[in-house]
Amino acid sequence: MGKTQFQLGKTAAASIAAVLLILVMVSGVSAATGAVKIQDNSTGGDCTSVGVWNQYTKTCTLTTDITFSSGNGIEIVSNGVTLDGGGHVITGSGGFATGGSLSVKNDVTIRNLTVRNFGYGIYLLASHGNTITGNTIENNDVGLKLVSSNNNVVYGNSFIDNNTQATAQGGTGNVFNLPAPAGGNYWSDWASPDADNDGFVDNPYTFTGGTDNLPLAGASSCNAGKPALQLRVSGAYWASAADYGYGRLSVEYALDNAGAETAFDATITGSSGSNGVLIDPQQQLPVNLGDITAAGTAGFTIKYMVPPGVAAFRADIEALAVDECGNNYSYP
Ligand SMILES: [Ca+2]
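Summarised in this report is the structure supplied together with it. If you're wondering where the values come from, they're calculated on a predicted model, not measured in any experiment.

Turning our attention to the overall build of the chain. Within the chain, the regular secondary structure consists of two helices and 31 strands. Taken across its 332 residues, the chain has 41% of its residues classed as buried. Summarising the internal contacts of the chain: among those between residues at least 6 apart in sequence, 57% fall at separations of at least 24.

Look at the link from Leu285 to Pro286: it is a cis peptide, with omega at -5 degrees. Along the polypeptide, Pro286 turns up in the loop between strand E27 (278-279) and strand E28 (287-292). Between Tyr331 and Pro332 the backbone carries a cis peptide bond, its omega angle lying at 0 degrees. Here Pro332 is to be found in the segment after strand E31 (328-331). Here Ser148, not a glycine, exhibits a phi torsion of approximately 50 degrees, which is positive. Within the secondary structure, Ser148 is located in the loop between strand E17 (142-147) and strand E18 (153-155). Ser148 gets classed as partly exposed once you count the C-beta atoms within 10 Å, which come to 14. For Asn151, which is not glycine, the phi dihedral falls at a positive 60 degrees.

In space, the six strands of this open sheet follow the order E5-E6-E9-E12-E15-E18, with mixed pairing throughout. The open sheet has two free edges, formed respectively by strand E5 (51-54) and E18, since each of these has just one partner strand. For this sheet, the mean angle separating the axes of adjacent strands, direction not counted, is 10 degrees. Pairing analysis gives four bridges linking E5 to strand E6 (residues 59-62), with the strands arranged antiparallel. Across the sheet, residue Asn54 finds its bridge partner in E6, namely Thr59.

What follows is about the sheet that holds strand E29 (residues 297-305). With respect to topology, four strands assemble into an open sheet ordered E24-E25-E29-E27, the strand pairing being antiparallel. If you trace the sheet from one side to the other, it starts and ends with strand E24 (229-238) and E27, each paired once. As judged from the nine bridges shared by strand E25 (residues 248-257) and E29, these two strands associate in the antiparallel manner. Its bridge partner lying in E29, Glu252 is registered against Thr301.

Residue alternation in E25 divides its side chains into a buried set, Leu249, Val251, Tyr253, Leu255 and Asn257, and an unburied set, Arg248, Ser250, Glu252, Ala254 and Asp256. Sheet topology note: the E24/E25 ladder contains nine bridges and is antiparallel. The residue of E25 that forms the bridge with Leu229 is Asn257.

For a regular strand, the rule is simple: side chains alternate between the two faces of the sheet. As judged from the two bridges shared by E27 and E29, these two strands associate in the antiparallel manner. Across the sheet, the residue bridging to Ile279 is Tyr304, located in E29.

Attention shifts here to the nonpolar core. By size, the foremost hydrophobic cluster in this structure holds 43 residues, and its most contacted members are Ile38, Ile74, Ile76, Leu83, Ile110 and Ile122. A total of four residues in this core trace back to one element, the largest contributor, which is strand E14 (residues 120-125). One finds Leu249, Ala266, Leu289 and Ile292 within the second-largest nonpolar core, a separate group that totals 26 residues.

What follows deals with the environment of Ala311. Positionally, Ala311 belongs in the loop between E29 and strand E30 (313-322). Between the C-alpha atoms of Ala311 and Asn275, which are 36 residues apart in sequence, the distance is 9.2 Å.

Calculation notes
Residues numbered from 1 in each chain as written. Predicted model: local features only at pLDDT ≥ 70, side-chain atom pairs only at ≥ 80, totals over all residues. Helix = DSSP H or I, 4+ residues; strand = E, 2+ residues; numbered from the N terminus. Buried ≥ 20, exposed ≤ 12 C-beta atoms within 10 Å, placed from the backbone. Contact = placed C-beta atoms within 7 Å. Pairing = 2+ DSSP bridges. Axes fitted to C-alpha atoms, helices over the stretch in contact; angles between N-to-C directions. Core = buried A, V, L, I, M, F, W, Y, C linked by C-beta atoms within 7 Å.

This is the structure in structure tokens:
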């Protein structure tokens, strides 16, 4: 938290304390009887009933485990959407009667989710260009089923004790591993040998319709965690005489990465002020800062409308960032 004095003009001075508050997520378990549909609209379809929807990145991040008693699980019905499980579990009632746990469209990313006890764990039917990474897919009848689906990328997942771990029928261009060091997936029935101890099983894992050339010798886990972003005010000024007349104050911020890992896709999505200070309606949002490496800093400027007589105010900045595992985080 920083607090700084600024000379705003001949007669006014303001101190602005800018903070990133701590976001507290309350986790629980939701029970769903019908499919949860994720859609690219203002609420992300049903997303807000089970998670947080980010309209800018089109990402639904689960904030709860979900148990499905019947029917399909999560259906992604728009292209270009990301489903981030946030480390949560979706559970079916077992058997094909439950349908596909997770069906997707095109250019969808599914990450950081555990899918358990469904007929099909993740089901891609005529779905192309999707990325499936960082998930645990366990105890399903078929873990991953691809039918007539092209150019999908599947890596960094753990396939554990599915009756059939994966099948691919009738599609082309699907990839089940990246080059080292990322490699492929962990398959519970193919975890050895790794004689050269490079972390990859020495023989490819082959299943109907696909091959993982670099199967992981240990279950994939990625625990980078929330990037340690800290906000500073680095300056405040009236950008012009007209801005001074309108009370339109420019505030320069610096977003510092105090952690040891890169914060990816840092994005400023909003800001609010105390004492009647509002963000300038003409302020362009979101502000995309790109990746902020460890010990790095990204600067940005936000304009506010400051009412007459206000000499100081507190501003809160809303931001997003992604960790090295691909997990999304909101600030505050
Ligand atoms: Ca090896």
